[in-house]
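# Geometric and topological summary
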Amino acid sequence: MTDLSRREALILAAAATVAAATPAAAQSASQTLPTVWDLTHLYPNDAAWDADQRAVEQALPGLAAHKGRLGESAAALRTALQSISDVNKRLLRLIVYSTLKADEDLQVAANQERRDQAQTLASKVGEATAWVNPEVLRLGRPRVEALLQGDPGLAKFRFGLMDTLRQAEHTLDEKGEQLLAAAANPLNGPQAIRNQLVLSDVPWPEIEVAGQKQRLDLQGYTRLRAHADRAERRKVFDTFFGAFRQYESTLGAALSAKVNGDIFAARARNYPTALAAAVDGPHIPEAVYRTLVAEANRGLPILHRYFEVRRRLLGLPDMAYYDIYPPVTKLDAKFDIQNTRRLTIEALKPLGPEYMGTFTQATAQPWVHVYPQKGKANGAYVFGAAYDVHPYMLLNHTDDYNGLSTYAHEWGHAMHTLLAQKAQPFELSGYPTFTAEVASTVNEQLLVAHMVKGAKSKAERLFYLDQVCEMMRATFYRQTMFAEFELAAHEAAEKGEPLSGKRLSAIYYDLLRRYHGPKVQIPEAYAIEWAMPQHFFNYTYYVYQYATSVTAASAFAERILGGGPRERDLYLGALKAGGSDYPVEVLKRAGVDMTTPAPYRAMLTKFSRALDEMEGLIA
């Protein structure tokens, strides 16, 4: 999934109901598929969007009429909250259309301006409703409980109201909330500085690789780091990180400002640390973060064993950091969009008839922009915030296994959206990131298990087993290493220690060496890699959720493949829960308790089993 704004990422789930297809209505897996989305499902044209945007803005002053009246009666509370909810629903539809139109072609200025208009409107909605939480807190729990009991129509607002009361200690008065809302833009300064520097101002070098000149910006480095020739790979790494390191001080100043901004926001809300503030929103116990880090470190010998397997498969005398990315085996198979859909349908059959009926019907609809085109945004994502419509998906499909896996992953998000919306009202359909990536990664894991089972040669089996191992390396260990770096940086700043670029590189270099072990050679210049992930500059304590998600997904995939209808239905129940409860509780009810070491240890046992089989195949 590409990086949406925080608001968009957190409301990824909202989407429209699609009824499960009956066998007679289900679309054939071999039919010709639409490859461009139809945005008229949102608005018939730009003029209709413009009209709705004006209507929403004109509705904002009317929300103030409810101010000071929430506690008058259950009917008054319901009317106010429904009015705000209706505005938010329309706002999200506006955001979806403007985002998709903008990403179709980034060169069309009018569409970029429309996206900016939508984000500006979102800020105005936030300001127009900043009074709500302070007023709910002034009512207090007993009065709110009495109002909830007085009107069954308030049931869908109960969870949100109780969550607001839970965070009473960390909610400011109206003036304070408005001040923090106004501070959001300047606090985003480090993100803008880093992006301007990295995406525009750095004079990235050009080098010759395999006889061709290549520009080594972020995209060029990412593309060339997996080059088959080891000498060329080393040249790519040395040149790229050598150039990047020249901006270590500036990048360090930007990240230091970001970290200190996080600490300011946390302390303004009476949290002891930035970590406590970040995990409290979705009510995730801080122990989940620290258990993740502890269990990843406990499992480092398995990762080090994988690097040795890679060395053997690559036929190298030793292992270096620039040897992590090249494929260890070659797969000649091609997966066009038709075959991609067919294989995904086969792989996901263990999820049962309800899931597959909806999936088969939904994947035949014009909801996806499939192929790359000039000016189109990079990456892949699902945006399902238009509750009364359906989710939309942006892909840049390539006919290789990565394209197949991405398809399965993104449809995991879309199916989560569809199931949650069908089961929940708008107000409870949006799910947080902590559970969002579980649904997508379960699909990935079911897919690779299906491909391993169906492999027809040793090389093909090795390829898919390596996909299992790479998921562990890249999504579990690497993201946990990032999470540990983020924690170390914040904790240093919270102690009053300065965070220079040099200090940040030293912290990161220590982590690189610990996570990759003594047999992987890592030049110190590569430690500037900490400045590559945008997440450090955009969000606060975000990346750990990729590691917890792959862990929970591994547990669910094992339960689904090794269990029966009960295990499958418990998982589907977690998807249908949407945002009706806190994410850790949703997963716990489905049988996976992320507050304990158990799911981490089970996943690392699975990693070890995959290595056993790979070692057996290459012996």
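So, a few notes on the structure that sits alongside this text. These numbers were taken from a predicted model, which means no experiment stands behind them. (Residues numbered from 1 in each chain as written. Predicted model: local features only at pLDDT ≥ 70, side-chain atom pairs only at ≥ 80, totals over all residues. Heavy atoms only, no water.)

Within the protein one finds 26 helices and seven strands. Its C-alpha atoms give the protein principal-axis dimensions of about 75 × 65 × 50 Å. The buried share of the protein, taken over its 619 residues, is 55%. Restricting to contacts in the protein with at least 6 residues of sequence separation, those with at least 24 account for 79%. Taken as a whole, the protein presents about 24600 Å² of accessible surface, with 52% of it coming from carbon and sulfur. (Helix = DSSP H or I, 4+ residues; strand = E, 2+ residues; numbered from the N terminus. Buried < 20%, exposed > 50% of the residue type's maximum accessible area, 1.4 Å probe, protein only. Contact = heavy atoms within 4.5 Å. Areas by Shrake-Rupley, 256 points an atom, 1.4 Å probe, with all protein chains shown as cover.)

Moving on to the nonpolar core. Counting 148 residues, the largest nonpolar core has Tyr355, Phe476 and Trp530 as the members making the most contacts within it. Leave out the neighbours within four places in its chain, and tyrosine 355 touches Leu348, Trp411, Gly412, Met415, Leu419, Asn443, Leu572 and Leu575. In terms of nonpolar packing, the next biggest core, distinct from the first, is built from 47 residues, Ile95, Leu165, Tyr381 and Tyr387 among them. (Core = buried A, V, L, I, M, F, W, Y, C linked by side-chain atoms within 4.5 Å.)

A separate point is the pairing of strand S2 (residues 212-215). Note that strand S1 (residues 206-209) and S2 share four bridges and pair antiparallel. When the bridges of S2 are listed, glutamate 208 appears paired with lysine 213. The turn joining S1 and S2, which pair antiparallel and follow one another in sequence, is formed by two residues; a positive phi near 55° is taken by alanine 210. (Pairing = 2+ DSSP bridges.)

All chains considered together, the criterion is met by 39 aromatic pairs. Taking 5.2 Å as the distance between ring centres and 35° as the angle between the ring planes, the aromatic pair formed by phenylalanine 241 and tyrosine 526 counts as tilted. In this pair, phenylalanine 241 sits in helix H10 (residues 230-245) while tyrosine 526 sits in the loop between strand S7 (520-521) and helix H22 (535-538), placing the two residues 285 residues apart along the sequence. As far as burial versus exposure is concerned, phenylalanine 241 and tyrosine 526 are alike and both buried. In this structure an aromatic cluster arises from ring pairing among Trp204, Tyr221, Phe237, Phe240, Phe241, Phe244, Tyr321, Tyr322, Tyr325 and Tyr526. The lysine or arginine in question, arginine 93, covers the ring of tyrosine 43, its NZ or CZ lying 5.7 Å from the ring centre. A cation over a ring is seen here: arginine 114 above tryptophan 49, with NZ or CZ 5.6 Å from the ring centre. (Phe/Tyr/Trp six-rings, centres within 6.5 Å; stacked < 30°, edge-to-face > 60°. Lys NZ or Arg CZ within 6 Å of the ring centre and 35° of its normal.)

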